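Descriptive structure summary
Each chain, written out:
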Amino acid sequence: MSQQNATPKEEPVIRICDLKKEFVVGDTVVHALKGLNFELEKGGYMSIMGTSGSGKSTLLNILGCLDTMTSGEYFLDGINVARMNDNELSAIRGRKFGFIFQSFNLIPQLSVLENIEVPLFYQDWDEKDSRAKSTRLAEMVGLSHRVQHRPSELSGGQRQRVAIARALSNDPSVIFADEPTGNLDQETGREIMQILDDLAKQGRSIILVTHERAIAEHANRMIRLVDGQIVSDERK
Amino acid sequence: MLYFQKLKRVGKLGMRSLIEHKLRSLLTTLGIIFGVGSVIAMLAIGEGASYAAREQIRKMGSTNIIIRSRKPEESTSATNNTQHLSAYGITYEDIMRIRKLFPDVRIHVPAREINTQLMNQATRIPAIVVGTIPWHLNNSQEKVLYGRFIDEYDMDSYANSIVLCDNTAKRLFPLEYPVGRNVYVGSQAYVVVGIISSGDGSEENSDVLNSAEHEKEVYRAYISLSAARKRFGDTIIKRETGSMSMEKVEIHQLTVTALNDEQVMPLAVAIRQSLVAFHKQADFEMTIPLELLNQAEATKRIFNIVLGCIAAISLLVGGIGIMNIMLASVTERTREIGTRRALGATRQNIIMQFLVEAVLLSVVGGFIGVGLGVSVPKVVTLVAGLTTIIQPYSILMAFCISMATGIIFGIYPAIRAASLSPIEALRHE
């Protein structure tokens, strides 16, 4: 299960230093994240665990460049992304990240293949190349018989498979999975986790956010977040 | 190249999401469809109508000034007198004066019209006999069908030669070849030397020239001007029950031709002044085709401005419809926007996507509108028989305006869609 294929000297995929995030709600300042430090080595499979309100979603949004931090540094593949502008962040997201959401977030009017191709579209991929790639990915997640279907015609598990294929289409540095089994029954959830585990074995860097310990334990490293602070960092 | 490819793909995508909501898209574009369609159709019908009017005026010649004798108003009160001689109208002296003052202009067709009757053995019809000059046809739409027109010899010899208009000929000689036969004008016998067509527009033409003669068919015949003066003199005597009136009119109509369009108006003013100085009564009227033409153009311009306003209003309404539906669409698809942003779309990508959809809506509406606008005038022509002229520029204009409408009314919803932060958009239920 465990596989440590990263050499210690290599630049980590993600390195954050003293990451802070504050929200102003009315007159009070809410400290959502209180100075976090950690690294994710290449090929690492990390889970971030915590109850709701612990700041794990905020952390995921910042790591995924969907939100900006208040202070601190964030190095992605050695590049500091902390003070990038909106367009640069969009480019980073499109090139470096794959997202798997709890509620799948597939685009309803697009077919399975077209959904998988969305990130490639924004990377200016050629139509033919992206079609070839999406076909291959659909096959990989076991959906080659449903490629022309709309998301509404698929089951929950199938939808999440499409989302996984989509997250892989741009060959990301990191895959973020936000409660990937949250909307699925246990059996389907297990299937999805199996796919993620396989991806980790293939050397993908994955950050998994969940509140369930059973899910979090799939990862090689578990960070537990309470009240905006890391309270435990376990490695298998 | 890459940019166009991308635009093409965004366009394809936009087209699909419009087709996804067929009814909604159709209803949204109705404003544009009717706006564009009605503008093209109205322009075509208006252009057709003004074209017909302008053609009619143009037939009179744009460099011409037509001066006609007119019975002065006040003389009608004197008709109670059992005997009254009213002398009015343009005189030979007037022509000489105009010729002296403006040696450059050509004075055409001093036509002399006599209301009388034409007869042969079988038929008697009321007719207008026109005393004219041999070169009358140079300046008119009429053509010789059979025989010849009045010539110089007729003019010099006061010959009793007569040329009939084809309708006159048909009426007098329904079964025979009229050339060479005799026709009586009053008690005088004339020999028919030719038949001329009244030309396709001559009926309307005479309407414009003389508003008094309309409705009923007018039978015309031409004799030489010299013969007309000799046989009829300058005085016309009409006998009515219990009274007799005499009219003395030397020249009924003359046409002054200026050298070019620019000279027409100054010349008309000068001629009017020279005539007014010698005429105590308002016993002549001037018709200036160029002026009529200018008036027609001015009317058309006003018509176009009004149409432009209607078009602007309907396109505004159409545009608001598009904006409304695009705003709804942005709200409905907030999650999609968030997802796309998370997957690497920039704000510009999102703006482009929604703008392209809005422009597609309006352009498709524009296309359908053009179809409607082109077919309505065709139907009008078919059903009502009106001339309609579809202006190519109106199609282009309508198309460009509908595209602009899409951009103008699409930009706000598009910017709104793009301004959402990705996490906000993703959180949207």
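Residues numbered from 1 in each chain as written. Chains lettered and ligands numbered in written order. Predicted model: local features only at pLDDT ≥ 70, side-chain atom pairs only at ≥ 80, totals over all residues.

1. Quick look at the overall build of chain A
Spelled out, the test is: Secondary structure elements are defined from DSSP: runs of H or I of at least 4 residues count as helices, runs of E of at least 2 residues count as strands, and each element is numbered from the N terminus. To get the radius of gyration, use the C-alpha atoms; to get the globule rule, take the number of residues to the power 0.38 and multiply by 2.2 Å. Working definition of burial: number of other C-beta atoms within 10 Å of the residue's own, with buried at 20 or more, exposed at 12 or fewer, and partly exposed in between, all C-beta atoms being placed from the backbone.
Scanning chain A from terminus to terminus reveals seven helices and 10 strands. By the compact-globule yardstick of 18 Å for 236 residues, chain A fits well, its C-alpha radius of gyration being 18 Å. Along the first, second and third principal axes, the C-alpha atoms of chain A reach 50 × 45 × 40 Å. Looking at chain A residue by residue over its 236 residues, the buried ones come to 45%.

2. Looking at the pairing of strand β7 (residues 174-178) of chain A
Residues and elements named next belong to chain A. Spelled out, the test is: Between any two strands, pairing holds if DSSP finds at least two bridges. With the strands pointing away from the viewer, any crossover whose connection runs clockwise from the first strand over the helix to the second is right-handed.
Burial within β7 is extensive, with five of its five residues counted as buried. Covered by surrounding structure in β7 are Val174, Phe176 and Asp178 together with Ile175 and Ala177, the residues of both alternating faces. In the sheet, strand β6 (residues 97-100) pairs with β7 via four bridges, with the strands oriented parallel. The partner of Gly98 across the bridge, within β7, is Ile175. Where β7 lies against strand β8 (residues 205-210), five bridges are found, and the strand directions are parallel. What sits directly across from Asp178, in β8, is Val209. Crossover handedness for the path β7 to helix α6 (residues 186-201) to β8: right-handed.

3. What to know about the interface of chain B and chain A
Put simply, the rule is: C-beta atoms are placed from the backbone for every residue, and two residues are taken to be in contact when these atoms lie within 7 Å. Under the scheme applied here, ten amino acids are nonpolar (Ala, Val, Leu, Ile, Met, Phe, Trp, Tyr, Cys and Pro), four are charged (Asp, Glu, Lys and Arg), and all others, including Gly, are polar.
Chain B puts 21 residues into the contact, and the matching count from chain A is 20 residues. For the side of chain B that touches chain A, the secondary structure elements donating two or more residues are α1 (2-20), α10 (334-342), α11 (347-384) and α13 (422-427) of chain B. Residues of the side of chain B that touches chain A, tallied by class, amount to seven nonpolar, five polar and nine charged.

4. Describing the confidence of the model for chain B
Note the cut-off: pLDDT expresses, on a scale from 0 to 100, how confident the predictor is about each individual residue.
In the predicted model, chain B carries a mean pLDDT of 81, and the fraction of residues at 70 or more is 87%. Predicted as a complex, the structure gets a pTM of 0.70 and an ipTM equal to 0.92.

5. Some thoughts on the sheet that holds strand β4 (residues 71-76) of chain A
Residues and elements named next belong to chain A. Spatial strand order, β2-β1-β4-β5: four strands in an open sheet with antiparallel pairing. The strands lining the two open edges of the sheet, one partner per strand, are β2 (28-40) and β5 (79-80). Pairing of strand β1 (residues 14-25) with β4, which is carried by five bridges, proceeds in the antiparallel orientation. Across the sheet, residue Ile14 finds its bridge partner in β4, namely Leu76.

6. Things to note about the environment of Leu199 of chain A
All names here are of chain A. Here Leu199 is to be found in helix α6. With 20 C-beta atoms counted inside 10 Å, the residue Leu199 sits in the buried group. As a C-alpha pair, Leu199 and Leu168 span 31 residues in sequence and 9.5 Å in three-dimensional space. Once residues lying within four places of it in the same chain are set aside, the contact partners of Leu199 are Ile175, Arg204 and Ile206.

7. Overview of the nonpolar core
Formally: Throughout this description, the term nonpolar core refers to a group of buried Ala, Val, Leu, Ile, Met, Phe, Trp, Tyr and Cys residues whose C-beta atoms join them within 7 Å.
Judged by nonpolar contacts, the single largest core of 91 residues is most densely connected at Ile48, Ile100, Phe176, Ile206 and Ile207 of chain A together with Ala358 of chain B. At nine residues, α11 of chain B tops the list of elements feeding residues into this core. Excluding anything up to four places from it in sequence, Ile206 of chain A contacts Tyr45, Ile175, Ala177, Leu196, Leu199 and Ala200 of chain A. Counting residues in hydrophobic clusters, the runner-up holds 28 residues, among them Val129, Val130, Val192 and Ala221 of chain B.

8. Let's talk about the packing of α11 of chain B against helix α12 (residues 392-419) of chain B
All names here are of chain B. Applied cut-off: Each axis is a line fitted through C-alpha atoms, and for a helix only the stretch in contact is used; angles between axes span 0 to 180 degrees, taken between their N-to-C directions. In what follows, roughly perpendicular refers to angles from 65 to 115 degrees, roughly parallel to angles under 35, roughly antiparallel to angles over 145, and oblique to any angle outside these ranges. For any helix crossing, the convention is left-handed if the near helix is rotated counterclockwise from the far helix by under a right angle, and right-handed if that rotation is clockwise.
At a minimum axis separation of 7 Å, α11 and α12 run at an interaxial angle of 150°. Judged by the angle between their axes, α11 and α12 are roughly antiparallel. For the crossing formed where α11 meets α12, the hand is right-handed. A breakdown of the residues in the contact of α11 with α12 according to their chemical character gives 21 nonpolar, nine polar and one charged.

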